[in-house]
Structure formats: C-alpha cells, structure tokens
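What follows is each chain in one-letter form.
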Amino acid sequence: MTQTSTGSTATQKASGYLQQLCKHWSHKAEVSFTPEAGDIRFPNGNHLSLTAHPDHLVMRLDVPADVDLAKFQDVVDKHILRFAFREDLEISWAAA
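What this report covers is the structure whose coordinates are included nearby. Predicted model only: the values in this text are computed from it and were never measured.

What to know about the overall build of the protein
Here is step 1 of the chain: The number of helices and strands found in the protein is two helices and six strands.
Here is step 2 of the chain: In sequence order, the protein lays out its α and β elements as β-α-β-β-β-β-α-β.
Here is step 3 of the chain: For 96 residues, the compact-globule estimate of 2.2 N^0.38 gives 12 Å, and the protein sits close to it at 12 Å.
Here is step 4 of the chain: Over its C-alpha atoms, taken along the principal directions, the protein stretches across nearly 35 × 25 × 20 Å.
Here is step 5 of the chain: In the protein, which comprises 96 residues, the proportion classed as buried is 40%.
Here is step 6 of the chain: Roughly 5,500 Å² of accessible area belongs to the protein as shown, and the carbon and sulfur atoms make up 52% of that amount.
Here is step 7 of the chain: Charge centroids of the protein, computed over 9 positive and 12 negative side chains, lie 7 Å from each other.

A closer look at the environment of Ala-10
Here is step 1 of the chain: Looking at where Ala-10 falls in the secondary structure, it is placed in strand β1 (residues 2–10).
Here is step 2 of the chain: By relative accessible area, which is 58% here, Ala-10 ends up exposed.
Here is step 3 of the chain: Setting aside anything within four residues of it in sequence, one finds Ala-10 in contact with Asp-55, His-56, Leu-89 and Glu-90.

Side note on the sheet that holds strand β3 (residues 37–41)
Here is step 1 of the chain: The strand order across the open sheet built from six strands is β2-β3-β4-β5-β1-β6, with neighbouring strands paired in antiparallel fashion. The open sheet has two free edges, formed respectively by β2 (30–33) and β6 (92–95), since each of these has just one partner strand. Adjacent strand axes in the sheet meet at a mean angle of 15° when their direction is disregarded.
Here is step 2 of the chain: Bridging between β1 and β6 involves four bridges; their strand directions are antiparallel.

Observations concerning helix α2 (residues 69–83)
Here is step 1 of the chain: Here α2 is 15 residues long and its end C-alpha atoms lie 22 Å apart, about the 21 Å a rise of 1.5 Å per residue gives.
Here is step 2 of the chain: Elements in contact with the buried residues of α2: β1, α1 (14–25), β4 (47–52), β5 (56–64) and β6.
Here is step 3 of the chain: The backbone nitrogen of Ala-70 has a side-chain oxygen 3.2 Å away, supplied by the residue at the start of α2, namely Asp-68.

A few points about the environment of Leu-21
Here is step 1 of the chain: Among the secondary structure elements, Leu-21 is positioned in helix α1.
Here is step 2 of the chain: Between the C-alpha atoms of Leu-21 and Ala-84, which are 63 residues apart in sequence, the distance is 11 Å.
Here is step 3 of the chain: Setting aside residues up to four positions removed in sequence, Leu-21 forms contacts with Ile-40, Leu-50, His-79, Ile-80 and Phe-83.

Overview of the packing of aromatic side chains
Here is step 1 of the chain: The full count for this structure, using the stated rule, is two aromatic pairs.
Here is step 2 of the chain: A ring pair is formed by Trp-25 and Phe-42, whose centres lie 5.3 Å apart and whose planes are at 80°; its orientation type is edge-to-face. With Trp-25 in helix α1 and Phe-42 in the loop between β3 and β4, this pair connects stretches of sequence that are 17 residues apart.
Here is step 3 of the chain: Among the residues examined, Phe-42 registers a relative accessible area of 14% and is labelled buried.
Here is step 4 of the chain: Taking the centre distance of 5.5 Å and the plane angle of 85° together, the rings of Phe-42 and Phe-72 count as edge-to-face. With Phe-42 in the loop between β3 and β4 and Phe-72 in helix α2, this residue pair connects regions lying 30 residues apart in the sequence.
Here is step 5 of the chain: Judged by its relative accessible area of 8%, Phe-72 is buried.

About the criteria used
- Residues numbered from 1 in each chain as written.
- Predicted model: local features only at pLDDT ≥ 70, side-chain atom pairs only at ≥ 80, totals over all residues.
- Heavy atoms only, no water.
- Helix = DSSP H or I, 4+ residues; strand = E, 2+ residues; numbered from the N terminus.
- Rg over C-alpha atoms; globule rule 2.2 N^0.38 Å.
- Buried < 20%, exposed > 50% of the residue type's maximum accessible area, 1.4 Å probe, protein only.
- Areas by Shrake-Rupley, 256 points an atom, 1.4 Å probe, with all protein chains shown as cover.
- Lys, Arg positive; Asp, Glu negative; His and termini not counted.
- Charge placed at Lys NZ, Arg CZ, Asp CG, Glu CD.
- Contact = heavy atoms within 4.5 Å.
- Pairing = 2+ DSSP bridges.
- Axes fitted to C-alpha atoms, helices over the stretch in contact; angles between N-to-C directions.
- Expected span 1.5 Å × (residues − 1).
- Polar contact = N/O pair within 3.5 Å; in protein donor to acceptor, adjacent residues only side chain to side chain.
- Phe/Tyr/Trp six-rings, centres within 6.5 Å; stacked < 30°, edge-to-face > 60°.

If you want it as structure tokens, here you go:
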C-alpha cells in the first residue's frame, strides 16, 4: 500500500529546477531525467516524479504506507525553495 500526493508551483524555470533536483539527489537515489521529466527513486521506497511545463512544475510523491508523507513533502519543498531563492514560489499539495 502506498500514499500519493501531487504538488505544483507556478514558475517559468520548471525545467531548471527539475534538473537541479535530479542532479542533487543523484548520489542518494536512482535518478533519470530529461529537461521535461524526472524520476527519483530513493532506497527507502520513496518515489518523486517531476514534470516541467512552460509555466509550472508538477511533482508526484509516492511513499510506502509507513512513511510520513507530509515530512517528505516538506523535504521536497525545502529543496525547491532553496534552489529557487530568487523567486517567491508557493507550492501546493493535494492527496491523490
């Protein structure tokens, strides 16, 4: 059983943030990415999928049932906000 949530944020730099996140986590996780899509699979079973659109970034989190989904969302948020320090991003999450 897994828990899933989807997040998004409006930005003109979605592809750049997608690539930055994938490169950042490539030493800790199994990562594959293009400028438009990224896939990050962590050893603990957490999975982050990213899709870059011209005006927003979409993120999908899938985590095992025993993982704190909100905590992982917070980790993803903090990384994106750190990379996007020049922008005032708002990230919204919804259960899938």
